[in-house]
Amino acid sequence: MKQKLVFLFALCFTAAAYAQVGGQSTYQFLNLLNSPRQAALGGKVVTNYDYDPTQALFNPASINPAMDNQLSVNYTNYLGDVNYGTAAYAYLWDRRTQVLHLGATYVNYGSFDGYDEQGNATSEFSGGEVALSVGHARNVAFTNFHIGGNVKLISSKLEQYSSFGVAADVAVMYVYDDWDLHITAVGRNIGTQITPYENTIEKLPFEVILGISQTLQNIPIRWHFTLENMQQWDVAFSNPNRDESDLEGNTTSEKVTFVDNAFRHMIFGIELFPESGFNLRLGYNVRRAEELRIVEQRAFAGLSGGFSIKFNKIRLSYSYSQFSTAAASSYFGLNVNLQ
C-alpha cells in the first residue's frame, strides 16, 4: 500500500511540470466551485471529511461512509447568462468495497448572436460542457491516511466545435480524530483531450491543492486554510492598469514581490457551528481579491459568505461570492439524506 501511495504522489507532481494557470488550458469549467459550502469558504476547500458528497468532486480522498445515500444537487447563477451546477451521490457498497461516489458537473454558457466574417448576422448558437465522474477512496490499513481517486469523462460543445477528454484526480488525506484535524493534498485534472476541437490537443487545467483544517477545542468554529495552484509558484502578475505616472511622464509599473506570490496562493475560511443544524460560513480568496480589486475603491472582491440550515433529512445551503463592484454570484444547494 505504501508503494501505491508513493506512486500516486509521483504521478501527481510529475504532471506539475506541464501545468498552467488561467487561460492556457482547456476545460476550465472543471475548476468551477462545486457547492455553496465551498464557495462560502473562499473556494477550492478540500479538507471537509463528513456527510457532504460534493466535497469528493474536488478531493476524492474525502469519500467516506458518512456520505452513504447522501444526494447533493447544487446550482449557481454565475456571471452574465452563464449557469452551472453539480450533482453528487455516494453509496456504501459493502465493508470490503466501501463507498462508491458518482458526480456530475455541467455548465451552460447561454445563447450568443452569430455573425460571419463580414459582420452579417447569422443564427444564434450556444455552448455547454459536462463532466461525469466515478470516485473511490480507501483507508491505508492501521493508519490515519486515506487515499482516493476520481475518473472523469468530459464532453464539450462550443458552437459547431466539440471535444471529448478524460481526466483523473488523485488525493491523500490525513484525518486525526483526537484533534479533529484534517490535512490533505490533491492533484486534479490529470488527463488529456481525446478528441480536440480542431487539430490541436490542448492541455487540461492540472492543479495541485494543499489544505488543512481543524475544529477549535470548546469553540464551535472550524477554520480552513488552503493553498491553491501549488504546481506553479508565479501566479501574480503586474497589472498595466495600475501603472503610475509622474508629472514628467515617467511610468512606474506595479511591482510583484515574493510575498505577493505567496499570499495569492492562499484561501482562508471559517465555519461557525460546523456540526449543528444551522451554520454560518465566511471565506476570503487572496488571489481573487488582488486581481479584481479596483484601485482607490472598496469593492470587497475576494469575500464570500453563506449559511446552511437542516430540516430533518434535508439541508439547504446558500452562499454569495463577491468578485467586484460589477460582478457577484449566488450559489444554491440541496443535500438530501435518502436513508
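Residues numbered from 1 in each chain as written. Predicted model: local features only at pLDDT ≥ 70, side-chain atom pairs only at ≥ 80, totals over all residues. Heavy atoms only, no water.

Looking at the environment of Leu92
Reasoning step 1: Following the sequence through the fold, Leu92 ends up in strand S2 (residues 83-94).
Reasoning step 2: Look at Leu92 and you get partly exposed, because its relative accessible area is 32%.
Reasoning step 3: Separated by 25 residues in sequence, Leu92 and Met67 place their C-alpha atoms 8.0 Å apart. (Helix = DSSP H or I, 4+ residues; strand = E, 2+ residues; numbered from the N terminus. Buried < 20%, exposed > 50% of the residue type's maximum accessible area, 1.4 Å probe, protein only.)

Focus on the side chain of Asp68
Reasoning step 1: Take Asp68: it is sitting in the loop between helix H2 (36-40) and strand S1 (70-77).
Reasoning step 2: Within the buried core, Asp68 has no salt-bridge partner, and the shortest N-O distance to an opposite charge, that of Lys313, equals 11 Å.
Reasoning step 3: Polar contacts involving the side chain of Asp68 include one to the main-chain amide nitrogen of Leu92, which spans 2.7 Å.
Reasoning step 4: Here Asp68 is in contact with Ala90, Tyr91, Leu92 and Gln339, once residues within four sequence places are set aside. (Lys, Arg positive; Asp, Glu negative; His and termini not counted. Salt bridge = Lys/Arg side-chain N within 4 Å of Asp/Glu carboxyl O. Polar contact = N/O pair within 3.5 Å; in protein donor to acceptor, adjacent residues only side chain to side chain. Contact = heavy atoms within 4.5 Å.)

A short note on the pairing of strand S6 (residues 161-176)
Reasoning step 1: Inspection of the sheet shows strand S5 (residues 145-158) paired to S6 by 14 bridges, in the antiparallel sense. Along S6, the bridge assignment pairs Leu153 with Val166.
Reasoning step 2: Between S5 and the antiparallel strand that follows it, S6, lie two residues; Glu159 among them carries a positive phi value of about 55°.
Reasoning step 3: The turn linking S6 back onto strand S7 (residues 181-195) is made up of four residues, and Asp180 within it adopts a positive phi angle of 50°. (Pairing = 2+ DSSP bridges.)

Considering the confidence of the model for the protein chain
Reasoning step 1: Confidence along the protein chain averages 87 in pLDDT terms, with 87% of residues attaining 70 or more.
Reasoning step 2: This stretch, residues 1-20, has a pLDDT under 50; its non-local contacts, to residues over four places away or in other chains, come to 26 contacts. (pLDDT = per-residue confidence, 0-100.)

A word on the packing of aromatic side chains
Reasoning step 1: Inspection of the entire model under this criterion finds 13 aromatic pairs.
Reasoning step 2: Plain terms: the ring middles of Tyr78 and Phe323 are 6.2 Å apart, the flat faces sit at 90° to each other, and that makes the pair edge-to-face. Pair noted here: Tyr78 is in the loop between S1 and S2 and Phe323 is in strand S15 (residues 314-324), with a separation of 245 residues, a long-range link.
Reasoning step 3: Overall, Tyr78 belongs to the partly exposed group, its relative accessible area being 22%.
Reasoning step 4: An aromatic cluster is defined as three or more aromatic residues linked by ring pairs; in this entry it consists of Tyr75, Phe278, Phe307, Tyr318 and Phe332.
Reasoning step 5: Just above the ring of Phe58 sits the side chain of Arg188; from NZ or CZ to the centre is 3.7 Å. (Phe/Tyr/Trp six-rings, centres within 6.5 Å; stacked < 30°, edge-to-face > 60°. Lys NZ or Arg CZ within 6 Å of the ring centre and 35° of its normal.)

As for the pattern of salt bridges
Reasoning step 1: Counting across every chain of the model gives eleven salt bridges.
Reasoning step 2: Taken together, the shared-partner salt bridges in this structure form one network comprising Arg37, Asp50, Asp52, Glu271 and Arg281.

Overview of the pairing of S1
Reasoning step 1: Residues Gln70, Ser72, Asn74 and Thr76 line the buried face of S1, whereas the alternating positions Leu71, Val73, Tyr75 and Asn77 sit on a face that is not buried.
Reasoning step 2: Note: S1 against S2, eight bridges, orientation antiparallel. Within S2, the position partnered with Tyr75 by the bridge is Gly85.

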